[in-house]
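Architecture and fold: a report
Chain residues, written in single-letter form:
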Amino acid sequence: MDSKKKNFNASSLTKPSTNFKRQRKLTSDVWENFEFLDVPDAQGNLLCKCKKCGQRYNAESRQGTGNLKRHIKKCKKRTFKDVGQLILDSSSFGSMMNRIPAIDCDVFREMLSIAVVKHDLPFQFAEYSGIRKCFSYINPEVKLVSRNTLKADVLKMFKREKEKLRDELNAIRGRISLTSDCWTSITTDGYMSLTAHFVDNQWVLQKRILNFRFLPPPHTGVHMSDHVNDLLKDWGIQKKIMCITLDIASSNDVFADVIKNELDLICEGDYFLVRCCAHILNLIVQDGLKEINEAIVKVRETVKYCKGSQSRRQRFLTLWLMLSLILVEA
């Protein structure tokens, strides 16, 4: 019986040593990913196993190769970076089939939104021709989005994360401290930031930026108190506030006095307003620099003169070298 058995012509196959029924030449490319086993199963059927994960399958000709092809597509230990990722699909009349795993468009859009926010990229990033070519090369099935769609995805992500933060703030048992500051852009537009500081239920100090919003004029204490009060109501934490840290601007005194009446504070709000130590220290340093302002101006003008041209800089370096040699010899 062994003398009549035909030899396998596929170079990547391993011929079984026992007498199996299979005698025909193997022509399917699927056998490049499987190898035959020497031991049959309990029914005497020929077995094969995946070269990557070792999964065993029935290799009898009557079983076909459909289950083997399906395994190749979902095998978790296969690599898709080698030349073998392109195989000949006999069912598609000789076309090349790329075994790249299916892409989840929702996950792709979520990751793209995170990348835009994390790296401060413009929404038009999704429409860059180079980026589109790169995504298409990685996976031709990826569905590219426009800048308007990307903007909508970022807003959806913001609303979702805001709900998570609101639930987190409402779940803490302690109180929340706030810091706020006003900022004027180069276009003279006013903005206000509001940051929450709290200890979570695992006793870990947390910091979250609640808002960074445009603040229309007038920038008075009453107007700022109404603005912050609306923000606290939006987050649902107006009854959990401990204190707020502000700089020593006169408008902030009015702001603290007005908003006290809208919040549920401990000790009747006696410890509600906290002065910003960094701002006070900055003012002290600025007053100290005024005493040596004349010397600072001379130093700055000297630096400007020496850096005014290449020849001046070269002369300065030459004089500095000469002076260094004199000091060393002395």
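Right, let's walk through the structure included here. Position numbers for residues count from 1 along each chain, tracking the sequence in the order it is written. pLDDT decides what is reported in this predicted model: residues at 70 or higher carry local features, side-chain atom pairs at 80 or more are listed and counted, and totals for whole chains, interfaces and linings draw on all residues regardless. Working from all heavy atoms in the structure, the side-chain values ignore hydrogens and water.

What follows concerns the packing of aromatic side chains. Paired rings are identified among Phe, Tyr and Trp, the last through its six-membered ring, by centres lying within 6.5 Å, and are further divided according to the angle between planes into stacked (under 30 degrees), edge-to-face (over 60) and tilted (the rest). Counted by the stated rule, this structure contains eight aromatic pairs. Summarising the aromatic geometry, the rings of W183 and F212 are spaced 6.0 Å apart at their centres and angled 45° between planes, so their arrangement reads as tilted. With a gap of 29 residues between them, W183 in strand 6 (residues 176–184) and F212 in strand 8 (residues 205–214) connect regions that are remote in the sequence. Between buried and exposed lies partly exposed: a residue is buried under 20% and exposed over 50% of the maximum accessible area for its type, with that area taken using a 1.4 Å probe on protein chains only. Classification of W183 by relative accessible area gives partly exposed; the value is 46%. Between Y191 and F214, the aromatic rings sit 5.9 Å apart at their centres with planes inclined by 75°, giving edge-to-face as the arrangement. Of this pair, Y191 sits in strand 7 (residues 190–199) while F214 sits in strand 8; the two residues are 23 residues apart in sequence, bridging distant segments of the chain. In this structure F214 comes out as partly exposed when scored by relative accessible area, which is 43%. Taken together through their ring pairs, the aromatic side chains of W183, Y191, F212 and F214 make up a single cluster. Between the NZ or CZ atom of K162 and the centre of the ring of W235, over which it lies, the distance is 5.4 Å. Each helix is a run of H or I in the DSSP string that is no shorter than four residues. Each strand is a run of E no shorter than two, and both are numbered from the N terminus. Consider the ring centre and the ring normal. A charge sits over the ring if Lys NZ or Arg CZ is within 6 Å of that centre and within 35 degrees of that normal.

Looking now at helix 5 (residues 221–235). For helix 5, with 15 residues, the first-to-last C-alpha span of 21 Å sits near the 21 Å given by 1.5 Å per residue. Residues of helix 5 that are buried include every one of G221, M224, S225, H227, V228, N229, L231, L232 and W235, and no others. The criterion used for residue contact is that any of the two residues' heavy atoms lie within 4.5 Å. Along its buried surface, helix 5 packs onto helix 4 (147–171), strand 6, strand 7, strand 8, strand 9 (241–246) and helix 6 (250–260). Looking one or two residues past helix 5, G236 carries a phi angle of roughly 75°, positive in sign. For a helix, the expected span equals 1.5 Å multiplied by the residue count minus one.

Below, the discussion takes up the pattern of salt bridges. One side-chain nitrogen of Lys or Arg within 4 Å of one carboxyl oxygen of Asp or Glu is enough to make a salt bridge. All chains considered together, the criterion is met by 13 salt bridges. Across the pair R109 and D153 runs a salt bridge whose closest N-O atoms are separated by 2.8 Å. Within this pair, whereas R109 is found in helix 2 (residues 105–118), its partner D153 is found in helix 4, the two being separated by 44 residues in sequence. Taking the shortest distance from any N to any O, the salt bridge between R166 and D234 comes out at 3.7 Å.

Remark on secondary structure: sheet strands pair via backbone hydrogen bonds, oriented parallel or antiparallel. A pair of strands counts as paired when DSSP detects no fewer than two bridges linking them. The strand order across the open sheet built from five strands is 8-7-6-9-10, with neighbouring strands paired in mixed fashion. Single-partner strands in this sheet number two, and they are strand 8 and strand 10 (273–275). Going across the sheet, the axis of each strand differs from the next one's by a mean of 25°, ignoring polarity. Strand direction decides the pairing type here: strand 9 and strand 10, joined by three bridges, are parallel. In the strand pairing of strand 10, L246 is matched with R275. Sitting on the sheet, helix 4 touches strand 6, strand 7 and strand 8, and the angle it makes with strand 8 is about 130°. Geometry is summarised by axes, namely lines fitted to C-alpha atoms with helices restricted to the contacting stretch, and by angles between N-to-C directions that run from 0 to 180 degrees.

Computed from the structure, the largest pocket encloses a volume of approximately 720 Å³. Lining the largest pocket are 19 residues; nearest its centre among them are V117, V154, M157, F158 and E161. Contributing elements (two or more residues each) for the lining of the largest pocket: helix 2, helix 4 and strand 8. At seven residues, the largest contribution of residues to the lining of the largest pocket is made by helix 4. Method remark: on a 1 Å grid restricted to protein atoms, a set of points is classed as a cavity if a 1.4 Å probe fits but cannot get out and as a pocket if it is open with protein on both sides within 12 Å along at least five of seven lines; lining residues have an atom within 4 Å of a point. Grid points are joined across faces, edges and corners, and a volume is the space filled by probe spheres set on the points.

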